[in-house]
Amino acid sequence: MTKDTGKRSGEVWAKLLDEVASLERLSQEALSRLSQGTQQATLNQQLDRLERHSARTQSIVEHWDALLAQAKGLKPLVMAPARLAQRLTGRLHRRALLPGPVDATVARTPAVLFMPTNGVGLGHMARCLAIARRMRQLSPETDIIFLTTSPALHLAHRQGIIVHHMPPYSEKTFTSRQAWNQLLAQRLAEIDRLHRPSTLVFDGVWLYQGLIDHLERSPGLKSFWLHTANPNPPPRQEALPDRHYFNLIVWLTGPGFNRQEKLSVAPAYTTVDPIVYFEPHELPHRREARHQLGLPEEATVVLVSLGAGVINHIFGDLDALLQVIEGMPGVYAVIAETPIVSRRIVSHHSRTMVLRDFPLCRYFNAFDAAVTAAGYNTVYEMLRLGVPAVLLPNMGAPTNAQLTRARAAEQAGGAICLETPDRDSLARALSTMLEPETNQKMRQAGMAAITGNGAEKTARLILGREASPQA
Amino acid sequence: MDRSGQNSGQSTGRPDPPEMAQVLEQLARVRRRHQEILELLRDWQDCRVGDPAVTTRQLQVLSQRAKRQLEILEHLDQLLAHMNPLKPLVLGPARLAGWLGRLSGDTARRLGWSQRGAPAGRTACVLMVAVNGIGLGHLTRTLAVARRLRRIDRRTQVVLLTTSPAVHLAFGQAVTAYYVPSVQALPREHQEEFGGMLQRQLAALVRRHQPGAIVYDGIWPSRGLLKAMGRTRAARRYWLRRGRWKRPPHHKQLRAEDHFDLIIEPGEVGLADGAAAGKQRRVDPITYLDPGDLLERTAARYHLGLPLDHQVVLVSLGAANPAINRDLAMVQAVLQDRPRTTVVIAESIIGSPLKGESLRARFLREYPVSRYFNAFDAAVTAAGYNTVHESVTLGLPCVFIPNLNRDTDDQAARARAVEQAGAGICLAGPDNRSLGRALERVLEQETNQAMRRACRELATPNGADQVARIILGAEELPNP
């Protein structure tokens, strides 16, 4: 036992020394990079300061290293009891920081808690809102609660949903990820005490420790994970073996996204069609939609929606794009601005207007074509609601595989994918798409590519009205 | 037990606790340095000197590296913590000392929040609290000040706690926003838990961010708020309190004044500048945008897709108006057959959606609408603080329909004050005929111009700048 512990502590020690070494290397690298800095006087001044800081850091680290080296011979003696105690108390310790356990005897209510955890855009939020809307229709008496990191929480609030919120992790605000996860667990516990929901629906890419802690502590809670069925998931996601915390994984499929294999640690899973906010028959007709936007009935109108503009540099693309559209006689452009960006787009042309509204697809019948990024909601809405689109996949987005989706949409015949757009290719794609015959054909192909709306099925699954498969 | 561990440790030649303490102290220093480096890098990124592309990329790499270093340090710290059972023994006294140091007002001096003298380095945190109701009024005023805090000193960290769901307005302004649902948003059976929830959140916020100043915008500070404020000894506390009360404040409200260092009252059109009595301080009216922030007429019309040759009337009746549908119908009936006229209905971004989109009116779901004021020839609006002062400061002739159902806010008095100055029309309890007449008047060229002139005469500098300066200590305060 002692020997084993000693061995493990030896590993820890080696790791620690490795870390020190790599720290040293990193600070040296940083220094060398800094010395190649620009010639600007102010910058140099700042660089000097940074260099001094870094040098000092390094000397401290060295000193520290030396100190630790002296203590090296003693480590098993120190480590063994400590590791043992840590093993015994680690989890307890983490839980001690949480608010007191919720009284399990208080019965759970049928309320459903959604957790859309957003990065930059509105994707997860919009998806959860679409499902929540179906749930309202199917079961008006069920309380719906959101806990979100998205600043766009007013969208949920206006629909009569009780919204709780916490800021997303950022190094400026939180000292560590651990601190953020603690806050998350606290918020979850508070919500659990307040509403006693019986179902939790998590829509996010990464699992958070705070959520896992909460699920572990809440045995009676039914849990779902909405997850894009991405055939090429990023590595970090695969490394997480934590899927068994959920009762059901809902794979969101769609053209290009059809991963269906069984998972190694197998919870139950099911697949649903793309989730789209409106059904085609719910939209106002072309004439009405145009009136609502103040657009002439006979004109050709192109929707431009390049996403949140936080990841991609939408302003560079946008100017070139607008010049192309403004150069086409009689064509109007409607630029869609997401409701959360603070830097505003300004229109300089009488045939260009800016629209800031949610859900945008309410107006889809007003548009003859679109130029958009290739996020989940946008692409599948375009296809399902029949707007032929030029897709400009955002290569910078880390997880949502816009390129795969855009290519699949092109193959289905409902869109044109432009990986490296320039003026000529854009103008060509647009004029092709605006030819009446092609336009009609693309419209039909797109609508045929997506046969159902996953929002309804997901809502049924959550409400327990559709039997979920067993693991 | 710890003590015995320490003794045996010494006898077998373990590192002395002081040595460990040294290590820990140095580790803390390393982390502080790295945080400084990160700060520095962030500042650069904001400055963007030199070739922006190169610099930005380089700085990104650097900041990633520095971040990684911090991570490693943190990891090391954790490892060390596991390794060292003596840590509490060593750290205990150190923490105690630090705590005592804070108590002694050291923090106050270091952050420049001491009672006298100009602040030295203003890298402090300002906690702004806007927790009254669901509306946008309090949040808007708070954000107006927050924007300007950052404009005066970019290093100021602004933390916001609000019950208004329009949190996204804080997004992109480097404001860390926390939202709690307001009492009204919770189901009735949970409403009594609101106070506790708010208090817990506030206490956690104060612990986490250690604000140097707290700014409360609202009419009735809750006990939880006062309690949480009491915990921050170094903080200056401000109460941003709208004037124009319907009835004199409750004695409890007046007693709450004791918990604040300064009561800032944003000015009102038509209210005389009260002398700065005691802790009270009057500033000019606060608006979110300044005239320079607005789109000019053509751009605004392009932006909204409005015809250039029409007269455009904005209708914005507020989320809290119980008779909104009746009033809307009235406006539409009045303007329906008016040639070359477009109606734009501003729907509250947080209220429930309005029913019955008509073909005759355009809907605008945006905030702040004042950004597009130059696109409009006139407006029909409620008479809340923000709307009225926006219309006066930014020069838009309005027909005001005061909401008479507010508890504390005397909208009718405000609207009448503007009418008396010739800068708008007040219509309490309108009908089709009176509304029609009022609209014809504001849309008539000469009256319209006269009203715009009257607005210009009433306009004052933006009080938000003054409030920001007061909070950052750049303006002398009355002696308590």
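Residues numbered from 1 in each chain as written. Chains lettered and ligands numbered in written order. Predicted model: local features only at pLDDT ≥ 70, side-chain atom pairs only at ≥ 80, totals over all residues.

Brief notes about the overall build of chain B
Stated precisely, the cut-off is as follows: By definition, any uninterrupted DSSP run of H or I lasting at least four residues is a helix, any uninterrupted run of E lasting at least two residues is a strand, and each is numbered from the N terminus. In this scheme the burial state of a residue depends on its C-beta neighbours within 10 Å: 20 or more other such atoms mean buried, 12 or fewer mean exposed, and anything in between means partly exposed; the C-beta positions come from the backbone. Once C-beta atoms have been placed from the backbone, residue pairs whose C-beta atoms lie within 7 Å are recorded as contacts.
What chain B contains, in helices and strands, is 16 helices and 13 strands. A burial count over chain B gives 44% of its 480 residues as buried. Here the contacts in chain B between residues at least 6 apart in sequence split such that 68% fall between residues at least 24 apart.

A word on the overall build of chain A
When you go through chain A residue by residue, the secondary structure sums to 15 helices and 13 strands. Residue burial in chain A is summarised as follows: out of 471 residues, 43% are buried. Contacts in chain A between residues at least 24 apart in sequence constitute 69% of all its contacts with a sequence separation of at least 6.

Side note on helix H11 (residues 324-335) of chain B
Residues and elements named next belong to chain B. Under the convention used in this document: Expected helix span is given by 1.5 Å per residue-to-residue step, counting one fewer step than there are residues. Starting at the helix axis, one direction is taken to each C-beta atom, and the arc is that of these directions.
For H11, spanning 12 residues, the distance from its first C-alpha to its last is 17 Å, which sits close to the expected 16 Å at 1.5 Å a residue. Ile 324, Asp 327, Leu 328, Met 330, Val 331, Val 334 and Leu 335 are the residues of H11 that are buried. Looking straight down H11, one finds that the buried residues subtend no more than 160° of arc, so they occupy a single side. Exposed side of H11, more than 90 degrees from the buried face: Arg 326 and Ala 333 are the residues found there. As for H11, its buried residues are in contact with strand S8 (311-316), strand S9 (341-346), strand S11 (378-381) and helix H14 (432-443).

Observations regarding the domain arrangement of chain B
All names here are of chain B. Keep this limit in mind: Domain segmentation is taken from an automatic or database assignment of domains. As a working rule, the residues Ala, Val, Leu, Ile, Met, Phe, Trp, Tyr, Cys and Pro are called nonpolar, Asp, Glu, Lys and Arg charged, and the rest polar, with Gly in that last group.
Assigned domains within chain B: domain 1 (2-104), domain 2 (125-286 + 463-471) and domain 3 (299-458). Each of domain 2 and domain 3 was reduced to a C-alpha centroid, and the two centroids are 28 Å apart. Across the boundary between the two partners, domain 2 contributes 17 residues, which contact 22 residues of domain 3. Among the residues forming the side of domain 2 that touches domain 3, the class breakdown is 9 nonpolar, 4 polar and 4 charged.

A short note on the sheet that holds strand S13 (residues 424-426) of chain B
Residue and element names in this part refer to chain B. Our working rule: Strands were regarded as paired on the criterion that DSSP finds at least two bridges between them. Whenever a helix is involved, its axis is fitted only over the stretch in contact; in every case the axis is a line through C-alpha atoms, and angles between N-to-C directions fall within 0 to 180 degrees.
Strand order in this open sheet of 6 strands is S10-S9-S8-S11-S12-S13, and the pairing throughout is parallel. Looking at which strands have only one partner, the edges of the open sheet turn out to be strand S10 (361-364) and S13. The sheet shows a mean angle of 20° between the axes of neighbouring strands, taken without regard to direction.

So, unusual backbone geometry
Going from Phe358(A) to Pro359(A), the amide bond is cis rather than trans, its omega being -10°. Omega for the bond connecting Tyr367(B) with Pro368(B) falls within 30 degrees of zero, at -5°, which places this linkage in the cis form. By the secondary structure assignment, Pro368(B) is in the loop between S10 and S11. Notably, Arg340(B) is not glycine yet its phi reads approximately 50°, a positive angle. Examined against the element boundaries, Arg340(B) turns out to sit in the loop between H11 and S9.

Regarding the packing of helix H6 (residues 177-195) of chain A against helix H7 (residues 209-217) of chain A
All names here are of chain A. The condition is simple: By definition, any crossing whose near helix is turned counterclockwise from its far helix by less than a right angle is left-handed, and any crossing with a clockwise turn is right-handed.
Put simply, H6 and H7 touch, their axes get as near as 7 Å, and they point 40° apart. Crossing of H6 over H7 shows right-handed handedness. Residue-level inspection shows Asn 181, Gln 182, Leu 184, Ala 185, Leu 188 and Ala 189 of H6 in contact with H7, the latter providing Gln 209, Gly 210, Leu 211, Asp 213 and His 214. Split by residue class, the contact of H6 with H7 holds 5 nonpolar, 5 polar and 1 charged.

A closer look at the environment of Gly256(A)
Residue and element names in this part refer to chain A. Here Gly 256 shows up in the loop between strand S6 (248-252) and strand S7 (268-272). Overall, Gly 256 belongs to the buried group, with 21 C-beta atoms counted inside 10 Å. In this structure the C-alpha to C-alpha distance between Gly 256 and Arg 405, which are 149 residues apart in sequence, comes to 5.4 Å.

Overview of the nonpolar core
We count it as follows: Each nonpolar core comprises buried Ala, Val, Leu, Ile, Met, Phe, Trp, Tyr and Cys residues, the members being joined through C-beta atoms within 7 Å.
Core analysis: the biggest nonpolar cluster contains 229 residues, and Val302(A), Val334(A), Leu391(A), Val215(B), Tyr238(B), Val315(B) and Phe400(B) have the highest contact counts within it. For this core, the leading source of residues is helix H4 (residues 123-138) of chain A, giving 8 residues. With sequence-adjacent residues up to four places away left out, Val315(B) is seen in contact with Leu328(B), Val331(B), Val343(B), Val344(B), Ile345(B), Ala346(B) and Val380(B).

Some words on the confidence of the model for chain A
Caution applies to low-pLDDT parts of the model: their predicted coordinates are not meant to be read in detail. Residue and element names in this part refer to chain A. This is how it is decided: The quantity known as pLDDT measures the predictor's confidence residue by residue, on a range of 0 to 100.
Counting all residues, the mean pLDDT for chain A is 78, and 67% of those residues have values of 70 or more. Ignoring residues within four places in sequence, the model shows residues 35-41, a span with pLDDT below 50, making 11 contacts including any to other chains. Within the model, the stretch residues 89-98 combines pLDDT values under 50 with 6 contacts to residues more than four positions away or in other chains.

Side note on the pairing of S11(B)
Residue and element names in this part refer to chain B. Side-chain alternation along S11 places Ala 378 and Val 380 on one buried face and Ala 379 and Thr 381 on a second face that is also buried. Sheet topology note: the S8/S11 ladder contains 4 bridges and is parallel. Residue pairing across strands places Val 313 opposite Ala 378, the latter belonging to S11.

Topic: the pairing of strand S3 (residues 175-179) of chain B
Most of S3(B) is tucked away: 5 of the 5 residues are buried. The side-chain alternation of S3(B) yields two buried faces, one formed by Val175(B), Ala177(B) and Tyr179(B) and the other by Thr176(B) and Tyr178(B).

Some points on the packing of helix H13 (residues 423-434) of chain A against helix H14 (residues 436-449) of chain A
All names here are of chain A. We count it as follows: Working definition: roughly parallel below 35 degrees, roughly antiparallel above 145 degrees, roughly perpendicular at 65 to 115 degrees, and oblique for all remaining angles.
Relative to each other, H13 and H14 sit at 85°, their axes nearing to 5 Å. Relative to H14, the element H13 is oriented roughly perpendicular. For the pair H13 and H14, contact is made by Thr 432, Met 433 and Leu 434 and by Thr 438, Asn 439 and Met 442, respectively. Per-class residue counts for the contact of H13 with H14 are 3 nonpolar, 3 polar and no charged.

Looking at the confidence of the model for chain B
Residues and elements named next belong to chain B. Per-residue pLDDT for chain B averages 76, and the proportion of residues at 70 or more is 68%. Every residue in residues 45-52 is under pLDDT 50, and counting partners more than four places away or in other chains gives 14 contacts. Here the predicted complex carries an ipTM of 0.70, next to a pTM of 0.73.

Comments concerning the sheet that holds strand S10 (residues 352-355) of chain A
The pairing of strands in a sheet happens through backbone hydrogen bonds and is either parallel or antiparallel. Residue and element names in this part refer to chain A. Read from one edge to the other, the open sheet built from 6 strands follows the order S10-S9-S8-S11-S12-S13, with strand pairing classed as parallel. This sheet does not close on itself; its edge strands, each paired only once, are S10 and strand S13 (415-417). Ignoring which end each strand starts from, the neighbouring axes of this sheet average 20° apart. With 4 bridges joining them, strand S9 (residues 331-336) and S10 adopt parallel strand pairing. Bridge pairing links Ile 335 to Val 354 in S10. Those strands touched by helix H11 (residues 376-385) are strand S8 (300-305), strand S11 (369-372), strand S12 (389-391) and S13, and its axis lies near 165° from that of S11. Set on the sheet, helix H12 (residues 402-411) makes contact with S12 and S13; between it and S13 the angle comes to about 135°.

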